Amino acid sequence: MSSIIFFSLAILYVAMIALSHKAVNGMGEMRKTMRHLTVFMLDKAPAGVIDLFSKKEGSGSRSWIIHGALWATVAATIGFLNIWLKYDAQALDSFSSIGWKYNADVMSGFSETSLMFGFLFMTFIGSSLHILPRANGGKLASEANASLMAFAWSGILFFTLIILPLLVKFELLVGDLTDSQLRFFPAAIQIAMAMILGALLLNLLLALGERTPSTSLSASTWFILLAFTSVIWAFIIRGSFLALFGDAIQLSLIGDISSYQQLISGDASSVVWMADRIVTGWFPLAMMLAVAYHVIPSISGSPIWSRSLSVVSFTLLFISVPVLMMSDVALADDTFLSVAAVLVVLGLVPLLASSSNLIATMQGRWEKVLASPGGAASASAVLLLPIAFCETSCCSS
């Protein structure tokens, strides 16, 4: 593998190992100082704006989940229109007088972005803000900041999906801008998303710091911490590499932020391909399993059947390559391609480990689990995820 691939992935794994070490052992003598400084940063800035949001316990996670539900409505509506227009492309031509023009790529990108980054990301992040503090006997350092970040995330998506394409359409933005200047907008969006997730990770770490020394970290906690660390790295890589190495962007697709690998050539494209896999694979899968590992033991009243399988689950997930939303674009580096193929196969192991572990946890308590909507949804996901992985792997091979 080329040096840029090795160096970029080394930074990711060093960050994950360092965070894991500090999560278990704490900050030592600097803990109180770092905590007071971080709480001040989260709870006092930006001055005036943050005072508009509630500091009531649970309000942060509630804000993220509500926003996720709203984006689910948007994604479902656009998805329906996309399917309808693929069947009859002239169905809405009567709106051409107000500027409507059907573009299948734009509609697909709008639907995919609102579904992934609006519904799934916001719902999973809201769930993590609920799960981690309660699993470790603490609370978020700043509920108001968590709510503010929810509005900031939705604002970024609204700008990306609505404002930016309108500016491009009516030529209020592009004018004489060069390709490098045009790449600034999606690159800045990625960095802004990384900053929002960074603030949330600090909030979660402060909640984690309130646990008693004898409390061991749950599997859900590990999934959440490692998922946040990896996805922050991925957004930074996508944004910085797009700005530095990106090719020309098609104006009609400037608001599609689902995948950037096709916009970058050379060895850097392999790094961005991995970043895309983290954003669309590691993060949603890790958050699904975090929710399942929290909900099923809580509802069934049984402890996790095997701690060893839990460790296998969150360890192997973050060294494998999930096929969820896998790109068909070829990788530039043949060695990395061979390694990635092996890691795709390895990606089935954490899903099988989690599925068997949680099924064993539910043993004898199926009626109690299925009586709860959350328990039924988690049990269904645990049963279907390995099957979906195998089907996707066969279709993509």
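See the structure shown above.
Report follows, based on the coordinates. As the structure is a prediction and not an experimental result, all values here were calculated from the model.

Cut-off values and rules
- Residues numbered from 1 in each chain as written.
- Predicted model: local features only at pLDDT ≥ 70, side-chain atom pairs only at ≥ 80, totals over all residues.
- Heavy atoms only, no water.
- Phe/Tyr/Trp six-rings, centres within 6.5 Å; stacked < 30°, edge-to-face > 60°.
- Helix = DSSP H or I, 4+ residues; strand = E, 2+ residues; numbered from the N terminus.
- Buried < 20%, exposed > 50% of the residue type's maximum accessible area, 1.4 Å probe, protein only.
- Salt bridge = Lys/Arg side-chain N within 4 Å of Asp/Glu carboxyl O.
- Core = buried A, V, L, I, M, F, W, Y, C linked by side-chain atoms within 4.5 Å.
- Contact = heavy atoms within 4.5 Å.
- Patch = residues over 30% accessible without salt bridge, like charges linked within 9 Å, V, L, I, M, F, W, Y side chains within 5 Å.
- Areas by Shrake-Rupley, 256 points an atom, 1.4 Å probe, with all protein chains shown as cover.

This model, assessed by the stated rule, comprises 14 aromatic pairs. Between Trp222 and Phe314, the aromatic rings sit 5.7 Å apart at their centres with planes inclined by 20°, giving stacked as the arrangement. Of this pair, Trp222 sits in helix α7 (residues 219-245) while Phe314 sits in helix α9 (residues 307-317), and the two are 92 residues apart along the sequence. You'll find Trp222 and Phe314 in the same group, each marked buried. An aromatic cluster is built from Trp64, Phe117, Phe121, Trp153, Phe228, Phe235 and Phe283, whose rings are joined through pairwise contacts.

Further remarks concern the pattern of salt bridges. Side chains carrying opposite charge are able to pair once their charged atoms draw close together. Counted by the stated rule, this structure contains one salt bridge. Arg238 is the salt-bridge partner of Asp276, the closest N and O atoms lying 2.5 Å from each other. One end of the pair, Asp276, is in helix α8 (residues 268-300); the other, Arg238, is in helix α7, with 38 residues separating them in the sequence. The burial state of Asp276 is the same as that of Arg238; both residues are buried.

This part takes up the environment of Asp276. Judged by its relative accessible area of 0%, Asp276 falls in the buried class. Along the backbone, Asp276 and Ile237 are 39 residues apart, and their C-alpha atoms lie at a distance of 9.5 Å.

A separate point is the nonpolar core. If you look at the biggest cluster of nonpolar residues, it comprises 98 residues, and the most contacted ones within it are Trp64, Phe121, Trp153, Leu200, Phe228 and Phe235. Per-element accounting of this core gives the leading share, 20 residues, to α8. Other than its neighbours up to four places away in sequence, Phe235 contacts Phe117, Phe121, Trp153, Gln190, Ile191, Met193, Ala194, Leu197 and Val279.

Judged by side-chain polarity, Trp366, Leu370, Leu383, Leu384 and Ile387 come together as a nonpolar surface patch covering roughly 470 Å² of accessible area. Listing elements by their share of the nonpolar patch, those giving two or more residues are α12 (366-370) and α13 (373-396). By the secondary structure assignment, Ile387 is in helix α13.

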